[in-house]
Protein chains: 4
Amino acid sequence: MKISFESDYNNGAHPEVICHLLETNGKQSQSYGFDEWSEKARDKIRDACKCPNADIFFLVGGTQTNATVIDALLPSYAGVVAATTAHINVHESGAVEASGHKVITLPQEDGKLTADSLSTYLAAFHADPTWEHMVQPGMTYITFPTELGTIYSTSEIKAIYEVCRRYKIPLFIDGARLGYGLAADGCDIDFPWLAHHCDAFYIGGTKVGALCGEAVVFPTGAPRGFFTQVKRHGALLAKSRLAGVQFDALFTDGLYLRISAHAIEMAMQLRDIFREAGFVLRPSPTNQQFVELPNEQMHALMQQILFETWEPIDAHRTLCRFVTSWATTSQDLECMRSALKTLQK
Amino acid sequence: MKISFESDYNNGAHPEVICHLLETNGKQSQSYGFDEWSEKARDKIRDACKCPNADIFFLVGGTQTNATVIDALLPSYAGVVAATTAHINVHESGAVEASGHKVITLPQEDGKLTADSLSTYLAAFHADPTWEHMVQPGMTYITFPTELGTIYSTSEIKAIYEVCRRYKIPLFIDGARLGYGLAADGCDIDFPWLAHHCDAFYIGGTKVGALCGEAVVFPTGAPRGFFTQVKRHGALLAKSRLAGVQFDALFTDGLYLRISAHAIEMAMQLRDIFREAGFVLRPSPTNQQFVELPNEQMHALMQQILFETWEPIDAHRTLCRFVTSWATTSQDLECMRSALKTLQK
Amino acid sequence: MKISFESDYNNGAHPEVICHLLETNGKQSQSYGFDEWSEKARDKIRDACKCPNADIFFLVGGTQTNATVIDALLPSYAGVVAATTAHINVHESGAVEASGHKVITLPQEDGKLTADSLSTYLAAFHADPTWEHMVQPGMTYITFPTELGTIYSTSEIKAIYEVCRRYKIPLFIDGARLGYGLAADGCDIDFPWLAHHCDAFYIGGTKVGALCGEAVVFPTGAPRGFFTQVKRHGALLAKSRLAGVQFDALFTDGLYLRISAHAIEMAMQLRDIFREAGFVLRPSPTNQQFVELPNEQMHALMQQILFETWEPIDAHRTLCRFVTSWATTSQDLECMRSALKTLQK
Amino acid sequence: MKISFESDYNNGAHPEVICHLLETNGKQSQSYGFDEWSEKARDKIRDACKCPNADIFFLVGGTQTNATVIDALLPSYAGVVAATTAHINVHESGAVEASGHKVITLPQEDGKLTADSLSTYLAAFHADPTWEHMVQPGMTYITFPTELGTIYSTSEIKAIYEVCRRYKIPLFIDGARLGYGLAADGCDIDFPWLAHHCDAFYIGGTKVGALCGEAVVFPTGAPRGFFTQVKRHGALLAKSRLAGVQFDALFTDGLYLRISAHAIEMAMQLRDIFREAGFVLRPSPTNQQFVELPNEQMHALMQQILFETWEPIDAHRTLCRFVTSWATTSQDLECMRSALKTLQK
């Protein structure tokens, strides 16, 4: 079987996660979020975030989480502001629109929304005499790390959050790959800082060692009726232990950040391997690496390694994505090194 | 800890299911439904249903599955016909309405929709000169077994399906607890029969031994764009192996029906225990038993056993629900027997 | 051409209304609700309601108005409580559900919701341990007069409004035929009383002398973003003068109530004509009269008079509806009297 | 009162329209689209379009019409492709998203979508391996004339329509100002040509001489259930005569095109007046003229003439919009000429 760098969701759960599922399996529990592991996991996340009053909900997957949180935070006549490259704008099959909300897009820079463009847009919106005929910007959505593997600095998020507060709209941070951002070289953000610089965020489990599960954190309390919103969006697990047990494991002995740090270590080595072989990579300090491959070499590499093509660069070259995870090993990297060598002969 | 008959979702997974998750965990796989176990599980379900051309999708939970299938089968201006007691009408927080569709309710008999009332309603609808001003009945929804634990006979479903075909609307069967219906004493329905007497149904996993997962079966093919619909409804698992592995286990060596038969055996013994103790039960051949308890005895029993109150019968008595599952043991029943004895002293 | 008692919307506008459209036609104006006639009409309605701070919007038709107001008053996870016979539940093609909200139905008595059944339902809802899994009752909707032509007394609406306030949910009154209720014999409600006993209501224009138009009144202020909601629901007239001019006419010299009183006078005479001819009528003090007609006589009458069949009573009799309006004349009544005589021969 | 060039909806109806409303007012009629004038107007439009089998519906306003037609033409999981400047994307308060559909935007050229960019986008979409995770392009929307006053040529629309047919998605043309496009100098499109080069379009009445009303034309037949969709979107007039009578007038003796031609004549003279006064105009052959005004002169002109600012060009200049209609007179133009002269002093 080929070595795969396709994604961070083509392996099972991290061993400590699957083991916790096994060891707790025989025990009876409450359901719908009231099981003991969900309670424990909530406490551990509150501790990690230094947010003793945070409301925390465990949902199943990322698209679902985005759609549910956005619908809960917006009045029906408002939309969510996001970068054009935002996952909600591109790869969620219109789940946000399905609950009646427009995704209002602003240009991205390295996958990021900027406080400047947000501020300019909001100022122009409110200055426009026809504003009441337009979708009202009701919240801001950013991803951390972004879809392009880049990360925001504290000053960038702070600036965005200040704009949001000035216009009295909440900031929601999609952390489907949150750990890989926090563990990235040069990242000056940690859980407590994040929790104090937005109104809602989620800690992605699916892509960071769990089989499924995303932990939504409302640092200062959930919007009214959120439990019912979760159910209404089909996002409520009857056997909530499935998510609770996994997040209990992920927040025990720092597993979430250990997984993340490992994947980043692997990603940085992978980066070096590509560079040494003479390839150009896009800037990314996280577990997704984007490499420019001449099409011929791309096809040759595909014979040995699984990975995703991202987008054509020109007629001769393609941007390709290579992703690491908890399951990536040094041997995988050696295979990649060897594969690249065969390409160059 | 108290013995619990609260629900069929307050235990972990059946041991064969959790073991399969463990043993497959180390293997890499495709995602979004294309993993090898999802493929195998599909084949096994097609075999079990004698439906070689069925399209099968694995979703996460029941409410989500109902909302997604119903939205996919209906044109936007149509509604779904169901009994007043239907889960979609009562306990899904308006998930069907959230995608713009009305639940058109007809009276229930023992939790069931009848072909007669369906036929009468549809005839009246089409005879009504104002029909174009009303929500058009676009499909029929029934649960098997019902929310009250009862089951339809082949002749009852056949009659309903004939009405549906006469009016050219699809029939969708919610099988959140499907196994417990199929395994019930007196049930003359099996998988192949079911698959040939409706347009869509789902095989509930969450309540029948899995941690999560519902297998949607379209015996003659899925509606157009269904994959995108699943994603749009937040119901697509990135690590689809989670559902695939579990259904692979559930459809290996007849586990799904073994679990179901065990729970039914336990439920029938539970029934006898209540009866011997002099209590009145509502008719139910499945794993949910509804017992009329005088309030004083109900409160006393709650000290020893976990169970749900269903609804008040009058000022002095309450209908209570006791549910069995793969995890119910003979010892649990003995505890119940002893508990009932202490009540009567 | 046959005399018609089919509806109160099969004539043009009342002469004073159409004249005002003509006489103002040459004048330029603002649009989107800011034209001078809309402003004047608002002031006149505020005066009539003794509600100097009311927010008033002019929409086009009834279904649209109901859908817009209900969507604006409800959080997305909540539904609207209404009688089973409510127009929003029966004859609006699912417009309420189209914006994601369930219509929660309670039994009707003479077409009316009762404070008792509302109170019992709300108490049971909040006592139900599964309430968070259900659609939350977010507002109450009643029609005045009802779809069956009956009217609420002040004590009935007061009692309903008290229940609503106890549960902190708004009361919305659909007044598509409001004038015919206010002008009905025995009605103890007037505009100011109504405006002080609900959170929103609308004054129907289409069925009370206008060509189109419904005036939504929020006695203590509109919900946030309502203008944008109106636009989003496709209910904002660019040439808002169309509605403004008509309501300006309707609220000049008491025209709205003059039209209503005339139609009621005609309806009461029609009632007498049917009674004298030996027919049985359902109780209705308003402009819709429901008569039980043997099918043979119904078909004979249809040869001479236009009217609507409402619903079959049994195999031999049909409930038929006869409606009066500003355009009904004494001659029309004489024709009816003659027609009934020919039947009886 | 100031002369107004603010919009084509700040006057009443064209005299022939308002007169027809008056002269038909006394006559009884059917409702909900079945009145005699709606029937006549449909026949006249079918004649004008040389489309004997067209289905035609009269709705009230433009936003409503767009939302209803788009919802009716799309499956729930699909979106509508449009230029970024499209009215549905900018100035309809999210009415399209309110029914669950994304507006997929492509860059505009002079306000127009190009066949090239449409074709490139559709090819890329279908070539993208993640297409099933994205909103599926289910139809194309263009405006004729555009929001910037420009018009498509026959070859441009033909090319777009061919792309649509290649990808089997319908083309819908928003004709809120259709007449002004058809009457524009250099326009090689007429009603029959248009009706044979799209799947749906509407003939705007509100902005072309009526008080309200848009005629939706489906040249080869309406989508299933369209009547119910209209009602569900709150777009069905009970007194449908209001729209029917107006369109009957608009399509009698070529009034629709006479109004349009007059407004175009006025617009071209207005253009000359601005040019002679030394101002720069954007290219527009229709009734909306966009003039670059230095801010100081803009403010001075506002003292004498009503018009709309469109958008800032830079710190010193603003793009301003001047609109003509049936009601614009030669005197109005003379006033403008004088006003401009005073500016230049």
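Asks: Any details on the overall build of chain A? Residues and values, ideally.
Replies: Tallying secondary structure elements over chain A gives 14 helices and 13 strands in all. For 345 residues, the compact-globule estimate of 2.2 N^0.38 gives 20 Å, and the C-alpha radius of gyration of chain A, at 21 Å, lies within 12% of that figure. In terms of overall dimensions, chain A has C-alpha extents of about 60 × 60 × 35 Å along its principal axes. Counting only residues that meet the buried cut, chain A has 66% of its 345 residues in that class. For chain A, contacts bridging at least 24 residues in sequence account for 72% of all contacts bridging at least 6. Accessible surface for chain A amounts to roughly 11900 Å². Of this, 52% is attributable to carbon and sulfur atoms.

Asks: Break down the relation of the copies chain A and chain B for me, citing the residues and quoting the values.
Replies: Overlay of chain A on chain B (RMSD 0.0 Å): rotation 180°, translation along the axis 0.0 Å. The transformation relating the two chain copies, once decomposed into turn and shift, fits a two-fold axis. When you check the interface residues of chain A against chain B, 100% turn up at the interface there too, and the contact is symmetric in its surfaces.

Asks: Tell me about the side chain of Thr143 of chain A, and name the residues and values.
Replies: All names here are of chain A. With respect to the helices, strands and loops of the structure, Thr143 is situated in strand β5 (residues 136–143). Among the polar contacts listed, one links the side chain of Thr143 to the side chain of Glu147, at a separation of 3.0 Å. With residues up to four places along the chain from it excluded, the contact list for Thr143 reads Tyr152 and Asp174.

Asks: Could you give me a rundown of the interface of chain B and chain C, with the residues and numbers involved?
Replies: The interface is formed by 17 residues belonging to chain B together with 18 residues belonging to chain C. Of the roughly 1400 Å² buried between chain B and chain C on both sides combined, carbon and sulfur atoms contribute 47%. Scanning the region where chain B abuts chain C turns up 2 salt bridges. Residues Lys102 of chain C and Glu97 of chain B are paired through a salt bridge, measuring 2.6 Å at the closest nitrogen-oxygen approach. Taken together, the links from chain B to chain C amount to 12 residue pairs in polar contact (both at pLDDT 80 or more). Of the residues that constitute the side of chain B that touches chain C, the class distribution is 5 nonpolar, 8 polar and 4 charged.

Asks: So what's going on with the pairing of strand β7 (residues 200–204) of chain A? Which residues, and what values?
Replies: All names here are of chain A. Most of β7 sits inside the fold, with 5 of its 5 residues counted as buried. Of the two faces of β7, both are covered, the one formed by Ala200, Tyr202 and Gly204 as well as the one formed by Phe201 and Ile203. In this sheet, β7 lies alongside strand β6 (residues 171–174) in parallel orientation, the contact comprising 2 bridges. What sits directly across from Phe172, in β7, is Ala200.

Asks: Which residues make up the packing of aromatic side chains, and what values go with them?
Replies: Enumeration over the complete set of coordinates arrives at 72 aromatic pairs over all chains. Taking the centre distance of 6.4 Å and the plane angle of 75° together, the rings of Phe57 of chain B and Phe218 of chain B count as edge-to-face. Of this pair, Phe57 of chain B sits in strand β2 (residues 55–59) while Phe218 of chain B is found in strand β8 (residues 214–218), placing the two residues 161 residues apart along the sequence. Both residues of the pair, Phe57 of chain B and Phe218 of chain B, count as buried. Relative to Phe226 of chain C, the ring of Phe218 of chain C has its centre 4.9 Å away and its plane inclined at 80°; by these criteria the two rings are edge-to-face. Summarising the burial analysis for this pair, Phe218 of chain C and Phe226 of chain C share the class buried. An aromatic cluster is present here, built from Phe58, Phe191, Phe247, Phe251 and Tyr256 of chain A joined pairwise through their rings. When the ring centre of Tyr152 of chain A is taken as reference, the NZ or CZ atom of Lys112 of chain A above it lies at 5.8 Å.

Asks: Explain the relation of the copies chain B and chain C to me, using residue names and the numbers behind them.
Replies: Laying chain B over chain C is done by rotating through 180° and shifting 0.0 Å along the axis; what remains is an RMSD of 0.0 Å. An overlap of 100% is found between the interface residues of chain B and their copies at the interface of chain C, pointing to a shared contact surface.

Asks: Residues and numbers for the sheet that holds strand β3 (residues 78–83) of chain D, please.
Replies: Residues and elements named next belong to chain D. Spatially, 7 strands are ordered β2-β8-β7-β6-β5-β3-β4 in an open sheet, and the strand pairing comes out mixed. Looking at which strands have only one partner, the edges of the open sheet turn out to be β2 (55–59) and β4 (103–106). On average, each strand axis in the sheet is inclined to that of its neighbour by 25°, with strand direction left out of account. Summarising the sheet, strand β7 (residues 200–204) and strand β8 (residues 214–218) pair through 4 bridges and their orientation is antiparallel. Looking at β8, one finds that Phe201 is bridged to Val217.

Asks: Could you give an account of the packing of helix α2 (residues 36–49) of chain A against helix α11 (residues 241–250) of chain A, naming the residues involved and the relevant values?
Replies: Residue and element names in this part refer to chain A. The contact between α2 and α11 brings their axes to 7 Å, and the two run at 40°. The pairing of α2 with α11 is recorded here as oblique in orientation. Judged by the twist between their axes, the crossing of α2 over α11 is left-handed. For the pair α2 and α11, the contacting residues are Trp37, Ser38, Lys40, Ala41, Lys44 and Ile45 in the first and Arg241, Gly244, Val245, Phe247 and Asp248 in the second. For the contact of α2 with α11, the class distribution of residues is 5 nonpolar, 2 polar and 4 charged.

Asks: How would you summarise the domain arrangement of chain A if you had to cite specific residues and measurements?
Replies: Residues and elements named next belong to chain A. Considered domain by domain, chain A is made up of domain 1 (3–9 + 256–343) and domain 2 (15–254). Opposite the 21 residues of domain 1 that make contact, domain 2 presents 31 residues. Both sides of the domain 1 and domain 2 interface together cover about 2100 Å² of buried area, and 60% of this is carbon and sulfur. With a shortest N-O distance of 2.6 Å, Asp8 and Arg177 are connected by a salt bridge. In this assembly, domain 1 and domain 2 are joined by 11 residue pairs in polar contact (both at pLDDT 80 or more). For the side of domain 1 that touches domain 2, the secondary structure elements donating two or more residues are α12 (255–276) and β10 (288–294). Among the elements that take part in the side of domain 1 that touches domain 2, α12 stands out by supplying 8 residues, more than any other. Considered class by class, the residues forming the side of domain 1 that touches domain 2 number 12 nonpolar, 6 polar and 3 charged.

Asks: Outline the environment of Val90 of chain A, supporting the account with residue identities and numerical values.
Replies: Tracing the backbone shows Val90 of chain A in helix α4 (residues 87–90). Relative accessible area serves as the criterion here: at 28%, Val90 of chain A is assigned to the partly exposed category. With near-sequence residues (within four places) excluded, Val90 of chain A lies in contact with Thr84 and Thr85 of chain A together with His133 and Met134 of chain D.

Asks: With reference to specific residues and values, describe the pattern of salt bridges.
Replies: Counting across every chain of the model gives 64 salt bridges over all chains. In this structure, the salt-bridge partner of Arg317 of chain A is Glu292 of chain A, at a minimum N-O distance of 3.1 Å. Note that Arg317 of chain A is positioned in strand β13 (residues 317–323) and Glu292 of chain A in strand β10, a separation of 25 residues in sequence. A salt bridge links Lys112 of chain D to Glu156 of chain D, with the shortest nitrogen-to-oxygen separation between them at 3.1 Å. Of this pair, Lys112 of chain D sits in the loop between β4 and α6 (115–127) while Glu156 of chain D sits in helix α7 (residues 154–166), placing them 44 residues apart in sequence.

Asks: Describe the pairing of strand β12 (residues 308–312) of chain C, listing the residues and the values that go with them.
Replies: Pairing between β12 of chain C and strand β13 (residues 317–323) of chain C: 4 bridges, direction antiparallel. Bridging from a neighbouring strand, Glu308 of chain C pairs with Arg321 of chain C of β13 of chain C.

Asks: Talk me through helix α1 (residues 15–24) of chain C; I want residue IDs and the actual numbers.
Replies: Since there are 3.6 residues in each turn of an α-helix, residues three or four apart along the chain are aligned in direction. Every buried residue of α1 of chain C is accounted for by Val17, Ile18, His20, Leu21 and Thr24 of chain C. Viewed end-on, α1 of chain C has its buried residues packed into an arc of 155°, placing them on one side of the element. Residues of α1 of chain C that are buried sit in contact with α2 (36–49), α11 (241–250) and α12 (255–276) of chain C together with α1 (15–24) of chain D.

Cut-offs and rules
Residues numbered from 1 in each chain as written. Chains lettered and ligands numbered in written order. Predicted model: local features only at pLDDT ≥ 70, side-chain atom pairs only at ≥ 80, totals over all residues. Heavy atoms only, no water. Helix = DSSP H or I, 4+ residues; strand = E, 2+ residues; numbered from the N terminus. Rg over C-alpha atoms; globule rule 2.2 N^0.38 Å. Buried < 20%, exposed > 50% of the residue type's maximum accessible area, 1.4 Å probe, protein only. Contact = heavy atoms within 4.5 Å. Areas by Shrake-Rupley, 256 points an atom, 1.4 Å probe, with all protein chains shown as cover. Least-squares fit on C-alpha atoms with pLDDT ≥ 70 in both. Polar contact = N/O pair within 3.5 Å; in protein donor to acceptor, adjacent residues only side chain to side chain. Buried area = accessible area lost by both parts, 1.4 Å probe. Salt bridge = Lys/Arg side-chain N within 4 Å of Asp/Glu carboxyl O. Nonpolar A, V, L, I, M, F, W, Y, C, P; charged D, E, K, R; others polar. Pairing = 2+ DSSP bridges. Phe/Tyr/Trp six-rings, centres within 6.5 Å; stacked < 30°, edge-to-face > 60°. Lys NZ or Arg CZ within 6 Å of the ring centre and 35° of its normal. Axes fitted to C-alpha atoms, helices over the stretch in contact; angles between N-to-C directions. Parallel < 35°, antiparallel > 145°, perpendicular 65-115°, else oblique. Left-handed = near helix turned anticlockwise from the far one by under 90°. Domains from an automatic or database assignment. Arc of directions from axis to C-beta.

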